Amino acid sequence: MRRKHVVLIALIAVVLLLAAVAPVAAPAVRVGAAYDAPVVEGTFGFIAHQGVVAAEGDLPIKVKEVDPWTVRGDFIPPEEQVESLLSRSDLIIGVGFLYTGAFEMFAPDRPDIDFALIDSFVDLPNVASIAFASNEGSFLMGAAAALTSENDTIGFIGGVDIPIIFEFEAGFVAGVHHINPDAEVLIEYISEWPDLSGFGDPGRAYELAMDMYDDGADVVYHAAGFSGFGLFAAADEFSAANDHVWAIGVDTDQYLVVGPEQAEHILTSMLKRVDVAAYDMIEAEVDGTFTGGLHWYDLAADGVGYATTGGFLDSIIDELEALKAQIIDGSIVVPSWP
């Protein structure tokens, strides 16, 4: 009997010893992601969502996502979205400049939480401000448009007349005129600040695009969010009764998110790697290497680029790559203001 007790005590000791030295799994990092619009495939928010989903598959995190209509049917302001995430997040990602005010409101009093703000800047130690060189990517889109256009008339449709969209316009126009100084660039904005409907009005984008095609434009680039789907519809409809015209997408490879009829008119898309930025911020939070300040995503860092799906750029890719190299090495300085 005594021997059994000795054996039992020894076994208990071994179990306790193993428990003491066994690695303890770190608690999952809590990530909150707030989107400035519903997450719809092919949009800016959807790209960021893809980065969050990829991180969720690779890293020990627990994710909560909200958008303006997550909880109730009426619009939820950015401040309320962020506030709803404070008690359940170690890191909060704000997808869009609309979260600037919310981060300025909450981040100073919550040093225990890290914040990542996409497309704006807040000067606080626990806020990573993520910026993209949209002007550089748009320069390549302008060059592609000028190299493709047969009419020397090209269009640009912006969603809202705000500085971040002016960067797209400035880069695009510079790219057009780098290739063809005599080309005319038609420029229209769907709405004026503070009216943000221009990012969600494909009907108006359709009307503006049809007017541009009627006025001789044969390539039109949009930086208008969800409204851009109106441009694609216009390109398809106009081409059915006239000469073939082109559209250029933005943020993601929009050739992949429309039907085959419209895809035949999407020359290329300017890629804005919001998914990479979102993943990077989450990975840094998990690794304990998160830092505030400006995080810059440009051509050199593959933070912006262009899509080649469809093969429509095959004959001019060498020229575009040469221009890309010149931007990276500083030979070409792309403006960020019209």
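Residues numbered from 1 in each chain as written. Predicted model: local features only at pLDDT ≥ 70, side-chain atom pairs only at ≥ 80, totals over all residues. Heavy atoms only, no water.

*Asks:* Which residues make up the overall build of the protein, and what values go with them?
*Replies:* Along its length, the protein carries eleven helices and twelve strands. Over its C-alpha atoms, taken along the principal directions, the protein stretches across nearly 100 × 45 × 40 Å. For the protein, the residues scored as buried account for 50% of the 338 residues in total. If you take every contact in the protein between residues at least 6 apart in sequence, the share linking residues at least 24 apart comes to 68%. By element, 55% of the accessible surface of the protein is carried by carbon and sulfur atoms, the whole surface being about 15400 Å². The averaged location of the 53 negative side-chain charges in the protein is 28 Å from the averaged location of its 13 positive side-chain charges. (Helix = DSSP H or I, 4+ residues; strand = E, 2+ residues; numbered from the N terminus. Buried < 20%, exposed > 50% of the residue type's maximum accessible area, 1.4 Å probe, protein only. Contact = heavy atoms within 4.5 Å. Areas by Shrake-Rupley, 256 points an atom, 1.4 Å probe, with all protein chains shown as cover. Lys, Arg positive; Asp, Glu negative; His and termini not counted. Charge placed at Lys NZ, Arg CZ, Asp CG, Glu CD.)

*Asks:* Please give an account of the packing of helix α5 (residues 134-148) against helix α6 (residues 163-179) that cites residues and values.
*Replies:* To describe two helices that pack against each other, one gives the angle between their axes and the distance between the axes. The contact between α5 and α6 brings their axes to 6 Å, and the two run at 40 degrees. With respect to α6, the element α5 is oriented oblique. In this structure, α5 crosses over α6, and the sense of that crossing is right-handed. Where α5 abuts α6, its residues S134, N135, S138, F139, M141, G142, A143, A145, A146 and L147 lie against E167, F168, G171, F172, A174, G175, V176, H178 and I179. Of the residues belonging to the contact of α5 with α6, the class tally is eleven nonpolar, seven polar and one charged. (Axes fitted to C-alpha atoms, helices over the stretch in contact; angles between N-to-C directions. Parallel < 35°, antiparallel > 145°, perpendicular 65-115°, else oblique. Left-handed = near helix turned anticlockwise from the far one by under 90°. Nonpolar A, V, L, I, M, F, W, Y, C, P; charged D, E, K, R; others polar.)

*Asks:* Which residues make up helix α8 (residues 228-241), and what values do they have?
*Replies:* The terminal C-alpha atoms of α8, which comprises 14 residues, lie 21 Å apart, in line with the 20 Å expected from a rise of 1.5 Å per residue. Taken as a whole, α8 has its buried residues at G228, F229, G230, L231, F232, A234, A235, F238 and S239. Buried residues along α8 sit against α7 (202-214), β8 (219-223), β9 (246-251), α9 (260-263) and β10 (266-272). (Expected span 1.5 Å × (residues − 1).)

*Asks:* Any details on the packing of aromatic side chains? Residues and values, ideally.
*Replies:* Per the stated rule, a full pass over the model turns up 14 aromatic pairs. Seen from their ring centres, F166 and W337 are 5.1 Å apart, and the 80 degrees between their planes marks the pair as edge-to-face. Within this pair, whereas F166 is found in helix α6, its partner W337 is found in the segment after α11 (317-328), the two being separated by 171 residues in sequence. Pairing Y213 with F238 gives two aromatic rings, centres 5.4 Å apart and planes at 35 degrees, and the pair type is tilted. In this pair, Y213 sits in helix α7 while F238 sits in helix α8, placing the two residues 25 residues apart along the sequence. Each member of the pair, Y213 as well as F238, carries the same accessibility label: buried. Grouped by ring-pair contacts, the aromatic residues F156, F166, F172, Y189, Y221 and W337 constitute a single cluster. (Phe/Tyr/Trp six-rings, centres within 6.5 Å; stacked < 30°, edge-to-face > 60°.)

*Asks:* Before we move on, can you summarise the confidence of the model for the protein with the specific residues and values?
*Replies:* For the protein, mean pLDDT is 92; residues scoring 70 or higher make up 91% of the total. The model gives residues 6-11 a pLDDT under 50, and that stretch makes zero contacts with residues more than four places away or in other chains. Confidence over residues 13-19 falls short of pLDDT 50; this stretch has zero contacts with residues more than four positions distant or in other chains. (pLDDT = per-residue confidence, 0-100.)

*Asks:* An account of the nonpolar core is requested, with residue identities and associated values reported.
*Replies:* Ranked by internal contacts, the top residues of the largest apolar core, which has 66 residues, are I93, F172, Y221 and I282. In contact with I93, other than residues within four places in its own chain, are V31, G32, A33, A34, F103, A116, I118, A278 and I282. I190, A209, A217 and A263 belong to the second largest nonpolar core, which has 23 residues in total. (Core = buried A, V, L, I, M, F, W, Y, C linked by side-chain atoms within 4.5 Å.)

*Asks:* Break down the sheet that holds β10 for me, with residues and values.
*Replies:* The sheet built from six strands is open, its strands ordered β7-β6-β8-β9-β10-β12 with mixed pairing. Two strands in the sheet have a free side with no partner beyond their single neighbour: β7 (184-191) and β12 (304-306). Ignoring which end each strand starts from, the neighbouring axes of this sheet average 15 degrees apart. As defined by bridge partners, β8 adjoins β9 across three bridges and the pair is classed as parallel. Looking at β9, one finds that V220 is bridged to A247. In the packing of α6 onto the sheet, the strands contacted are β6 (153-160), β7, β8, β9 and β10, and the crossing angle to β6 comes to about 170 degrees. (Pairing = 2+ DSSP bridges.)

*Asks:* Talk me through the pattern of salt bridges; I want residue IDs and the actual numbers.
*Replies:* On inspection of all chains with the given rule, the structure shows six salt bridges. Two residues, D119 and K272, come together in a salt bridge whose shortest N-O distance is 2.8 Å. Within this pair, whereas D119 is found in the loop between β4 (114-118) and β5 (127-132), its partner K272 is found in strand β10, the two being separated by 153 residues in sequence. Assigned by exposure class, D119 and K272 land together as buried. (Salt bridge = Lys/Arg side-chain N within 4 Å of Asp/Glu carboxyl O.)

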